Amino acid sequence: MVDYHSTGQPHPYGGNGPGPNGDYMAQEDDWDRDLLLDPAWEKQQRKTFTAWCNSHLRKAGTQIENIDEDFRDGLKLMLLLEVISGERLPKPERGKMRVHKINNVNKALDFIASKGVKLVSIGAEEIVDGNAKMTLGMIWTIILRFAIQDISVEETSAKEGLLLWCQRKTAPYKNVNVQNFHISWKDGLAFNALIHRHRPELIEYDKLRKDDPVTNLNNAFEVAEKYLDIPKMLDAEDIVGTLRPDEKAIMTYVSCFYHAFSGAQKAETAANRICKVLAVNQENEQLMEDYERLASDLLAWIQRTIPWLETRDPQKTIPAMQQKLEDFREYRRVHKPPKVQEKCQLEINFNTLQTKLRLSGRPAFMPSEGRMVSDIGAGWQRLEQAEKGHEEWLLTELRRLERLDHLAEKFRQKASIHEGWTEGKEVALRDRDSGTASLAQVRALLRKHEAFESDLAAHQDRVEQIAAIAQELNELDYYDSPSVNARCQKICDQWDLLGSLTHSRREALEKMEKQLETIDELHLEYAKRAAPFNNWMESAMEDLQDMFIVHTIEEIQGLITAHEQFKSTLGDADREREAILGIQAEAQRLAELHGLQLPAGNPYTSVTAQVINSKWERVQQLVPKRDQALQEEQNRQNSNEHLRRQFGSQANRVGPWIQTKMEEIGRISIEMNGTLEDQLSHLKEYEQNIVEYKPNLELLEQQHQLVQEALIFDNQHSNYTMEHLRVGWEQLLTTIARTINEVENQILTRDAKGISQEQMQEFRASFNHFDKDHGGALGPEEFKACLISLGYDVENDRQGDAEFQRIMAVVDPNGSGSVTFQAFIDFMSRETTDTDTAEQVINSFRVLAGDKNYITAAELRRELPAAQAEYCIARMAPYAGPDAVPGALDYKSFSTALYGESDL
């Protein structure tokens, strides 16, 4: 006896299926074992297996009548195996002795074993002895190996594949639910559904009734025998009359239907391949359209925004200019951030699209002219330059307007003081009161005039200051310059007139001086001392009321120190005032003592004791006001210093944090810690950490706004500016998004190309080893060394150089002189995996076209889903070959165009 042993689960008949584990035989269940000798089942198997054997033996001009008798001599068994395998078996022995029969059966069993089938407990003696159980088991093993094993549907095989095929084909039919190969077929509807799905003209399915299984089964069996060349293997009564039809009989019968319709299955497979390729192409086209639209919108926004940023429209007042600054802040806070996100997403979409195109063997996407990623980057750079220029202009204009307001107020104050001083001076200089005056009065007038000249000279500096301020206002383009110029011109003209009148009056008084003898020395001394003291008080009042502008605590401290020094001189000034008033009192006392009639007031000066006392009281009043103003300014500068320190402290935390994150992301992108999914998870954690850190930047923006509102233009507490931190933050967001996209593309490449994690790590390790500067790209020599380390023959000889140039053309098609890691991975994946090719798509279309060189629209609509059929019809060129028919379409040029080998 021949004993074929197996380590797998034994078959009820003693056989295991072919393949490593005999999978298709291991599908039998324990219930099948218990009912193995059920008479109804044995009857169904005898009938089915006999019909199946005869369907093949008739090709050799013979048949069997009794399955367990006619195979006993082994002759028809060997003939059956030759017919179904198409191979020659060893020559049979023609003797009638038992040994001859056993030898023939052993030759048949050896042939079965040579096909990978392992048989257990099935020996030639049992077959020769007519053992029905063993004979039926042997035939079932042959059916499984040659009729069912090769059935494959979506990577399933044998029983599962056949069952899945039946389920798919009968899915659209009511009252049909194929879950097994026994009771699911009892009502006969499943057999009729299989025939109707492939040959609808043979079955009137809508007229069948579920409650009439015998009619249904007979109808299917008769149609199959008449039109499909499938012999009748079972009787309808046998199936209906059995609680559970024999699974092997049903599977054998159904396998005949599968092979009868296998051509349709091939067409379906071809259609699926075409649908897959077309779906990829349609998806890529949609991504290209989305990129073009997003790029156009972003570029249009940049082109609209730059002219606004480049507009220089100076305002006349600080509030108007501050409104412009607020508009610019709103642009930075509201309008620009979404566009930053759009730009980042656009780059990510572009990289993803290029990766998908490379993975599907399509040519790289080349955006329309002016919409390249580099064009968007250049436009964005122009936008940021315009932004920087606009902000600098706004701050410069605010400083200019602040300076102008200060100068204008200072001009008005000094002009008012001067105009108050000159009031009545012209009339006084034109007065000819000396004509009737006494000698003393004339001399007094002369001395008075000398005092006036002294006062006039003292006011020369103020007039020059007024003219200088007016000139500066003109140079700074003050909006009310005409009125300032008119007032300044009036003051200058009046000053020139006063100078001329003063000179004329002095000449007249000096002419008459020789006639005058007595001068009141006391009055003269009073006048000489009162005039400078009066001028000092006027200057003091002017200084005490003078406006000031400071930007630092040091500057306001300097003013406070100067003011304290001024207050320290008030005691000496008060003593000088009392001395001057004492001279006046002494003159009055002497006049009264000697009975002299003095003119009303001092003849040498108009500065009376009342004027001195009044101005002194005014100085006393202005000193505390000046103290208050300086204290308020000191408080403001202290507040500004707090804002500087607050902003500097926050900026000194945010700036290093951004730099640290940038460095950590850079290390993650070049290190190989864990799987790509681990790296992606780690990067997304970083991204979440960055997003959660955004409130710190928003707080810094709020602090920066307070600094700008306080007109603070420098900060020694931090080297970071808001502009630098904004740029760093945007770069950090862009870098983490781009790095995540690169890892996702590596995962996409790995999964699409079937690259294992170990291969991906090996590629990354090789790349990093030769990427000495950790720049993420290899130069030509570094790349050549990397290829040599991976076993490529690119040594420095003619053949090696040619091979290296070929590889460089693949990984660096633009000739940039560097190879990125993504390009390196794409090259290695192409070297180690297979992808769909144009030739495969052409062969698939040829199957749908029935081996013709063209295909028709009707064939496309019949075999493909509606959307993809219309997609092909719209893009296929008419076929122009000699065998063309009306409406013929050229599927070959269409297929090559899908892969960039011609124009679509």
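Everything below is about the structure shown above.
Here the structure is a predicted model, which means the values were calculated and not measured.

A. Representation of the pattern of salt bridges within the structure. Taken as a whole and assessed by the stated rule, the structure comprises 51 salt bridges. The salt bridge partner of Arg-333 is Glu-326, with a shortest N-O separation of 3.6 Å. A relative accessible area of 27% means that Glu-326 is categorised as partly exposed. The closest approach of N and O atoms between Glu-391 and Arg-332, which form a salt bridge, is 3.7 Å. Note that Glu-391 is positioned in helix α15 (residues 373–422) and Arg-332 in helix α14 (residues 318–359), a separation of 59 residues in sequence. Connected via shared salt-bridge partners are Arg-332, Lys-336, Glu-387, Glu-391, Glu-701, Glu-723, Arg-726 and Glu-730.

B. Looking closely at the state of the cysteines. Tallied over the entire structure, the rule returns zero disulfides. No disulfide involves Cys-492; its sulfur sits 4.1 Å from that of Cys-488, the nearest cysteine.

C. Just the packing of aromatic side chains, in detail. Scanning all chains against the criterion turns up 26 aromatic pairs. Taking 5.8 Å as the distance between ring centres and 45° as the angle between the ring planes, the aromatic pair formed by Tyr-253 and Phe-257 counts as tilted. Of this pair, Tyr-253 and Phe-257 are both found in helix α12 (residues 247–260), four residues apart, which corresponds to roughly one turn of the helix. No difference in accessibility class separates Tyr-253 from Phe-257, as the two residues are buried. Through a chain of ring-to-ring contacts, three or more aromatic side chains come together here, namely Phe-181, Trp-185, Phe-191, Phe-221, Tyr-253 and Phe-257. Of note, Lys-248 hangs over the ring of Trp-140, and the distance from its end group to the ring centre comes to 5.9 Å. Stacked on the ring of Phe-804, the Lys or Arg Lys-784 has its end atom at 4.9 Å from the ring centre.

D. Structural detail: unusual backbone geometry. A positive phi angle, close to 65°, is found at Asn-175, a residue other than glycine. Here Asn-175 shows up in the loop between α8 (158–170) and α9 (189–198). Positive phi outside glycine occurs at Asp-851, with the angle close to 70°. Locating Asp-851 in the fold gives a position in the loop between α29 (838–848) and α30 (857–863).

E. Structural view of the layout of surface pockets. Taken as a whole, the second largest pocket spans an internal volume of roughly 820 Å³. Taken together, 29 residues make up the lining of the second largest pocket; nearest its centre are Pro-337, Lys-694, Leu-697, Trp-729 and Leu-733. For the lining of the second largest pocket, the elements supplying multiple residues, two or more each, are α14, α23 (676–709) and α24 (722–753). In terms of residue count, the dominant contributor to the lining of the second largest pocket is α14 (eleven residues). A per-class count over the lining of the second largest pocket returns eleven nonpolar, seven polar and eleven charged.

F. Inspection of the packing of helix α2 (residues 39–57) against α12 at higher detail. Two numbers describe how α2 lies on α12: the axes approach to 9 Å, and their chain directions differ by 25°. Between α2 and α12, the angle falls in the class roughly parallel. Pair α2 / α12 crosses with left-handed handedness. Residues Gln-44, Gln-45, Thr-48, Phe-49 and Trp-52 of α2 form the contact with α12, whose own contacting residues are Lys-248, Ala-249, Thr-252, Tyr-253 and Cys-256.

G. View of the side chain of Lys-784. Its location among the elements puts Lys-784 in helix α26 (residues 780–789). Owing to a relative accessible area of 9%, Lys-784 belongs among the buried residues under this scheme. In this view, Lys-784 contacts Val-794, Asn-796, Asp-801 and Phe-804; residues no more than four positions away in its chain are not counted.

H. Representation of helix α5 (residues 98–114). The end-to-end C-alpha distance of α5 is 24 Å, a good match for the 24 Å that 17 residues give at a rise of 1.5 Å each. Of all the positions in α5, only Ile-102, Asn-104, Val-105, Asn-106, Ala-108, Leu-109, Phe-111 and Ile-112 are classed as buried. In the core, the buried residues of α5 are packed alongside α4 (75–85), β2 (118–119), α6 (124–128) and α7 (132–148). Among the residues trailing α5, Gly-116 stands out with phi positive, at a value near 90°.

I. Structural detail: the nonpolar core. Judged by nonpolar contacts, the single largest core of 76 residues is most densely connected at Trp-52, Ile-142, Trp-185, Phe-191 and Phe-257. Dropping the residues within four chain positions of it, Phe-191 is found in contact with Trp-185, Leu-217, Ala-220, Phe-221, Ile-250, Tyr-253, Val-254 and Phe-257. One finds Ala-651, Leu-680, Leu-732 and Leu-778 within the second-largest nonpolar core, a separate group that totals 49 residues.

J. Region of interest: the packing of α2 against α7. Two numbers describe how α2 lies on α7: the axes approach to 11 Å, and their chain directions differ by 50°. On the basis of the axis angle, α2 is oblique to α7. Crossing geometry of α2 relative to α7 is assigned as left-handed. Facing α2, whose interface residues are Glu-42, Gln-45, Arg-46, Phe-49, Trp-52 and Cys-53, α7 presents Ala-132, Leu-136, Ile-139, Trp-140, Ile-142, Ile-143 and Ala-147. Residue composition of the contact of α2 with α7, grouped by class: ten nonpolar, one polar and two charged.

K. Spotlight on the environment of Arg-145. With respect to the helices and strands, Arg-145 occurs in helix α7. The sequence separation of Arg-145 and Ala-158 amounts to 13 residues, and the corresponding C-alpha distance is 9.0 Å.

L. Looking closely at the environment of Leu-401. Tracing the chain through its elements places Leu-401 in helix α15. For Leu-401, a relative accessible area of 3% translates into the label buried. Sequence spacing of Leu-401 and Lys-316 is 85 residues, and the spatial spacing of their C-alpha atoms is 7.4 Å. With residues near it in sequence (within four places) discarded, Leu-401 still touches Gln-315, Lys-316, Thr-317, Ile-318 and Met-321.

Reading the values: the criteria
- Residues numbered from 1 in each chain as written.
- Predicted model: local features only at pLDDT ≥ 70, side-chain atom pairs only at ≥ 80, totals over all residues.
- Heavy atoms only, no water.
- Salt bridge = Lys/Arg side-chain N within 4 Å of Asp/Glu carboxyl O.
- Buried < 20%, exposed > 50% of the residue type's maximum accessible area, 1.4 Å probe, protein only.
- Helix = DSSP H or I, 4+ residues; strand = E, 2+ residues; numbered from the N terminus.
- Disulfide = S-S within 2.5 Å.
- Phe/Tyr/Trp six-rings, centres within 6.5 Å; stacked < 30°, edge-to-face > 60°.
- Lys NZ or Arg CZ within 6 Å of the ring centre and 35° of its normal.
- 1 Å grid on protein atoms, 1.4 Å probe; cavity = no way out; pocket = protein on both sides within 12 Å on 5 of 7 lines; lining within 4 Å.
- Points joined across faces, edges and corners; volume = space filled by probe spheres on them.
- Nonpolar A, V, L, I, M, F, W, Y, C, P; charged D, E, K, R; others polar.
- Axes fitted to C-alpha atoms, helices over the stretch in contact; angles between N-to-C directions.
- Parallel < 35°, antiparallel > 145°, perpendicular 65-115°, else oblique.
- Left-handed = near helix turned anticlockwise from the far one by under 90°.
- Contact = heavy atoms within 4.5 Å.
- Expected span 1.5 Å × (residues − 1).
- Core = buried A, V, L, I, M, F, W, Y, C linked by side-chain atoms within 4.5 Å.

What is shown is where atoms sit, not what they do.
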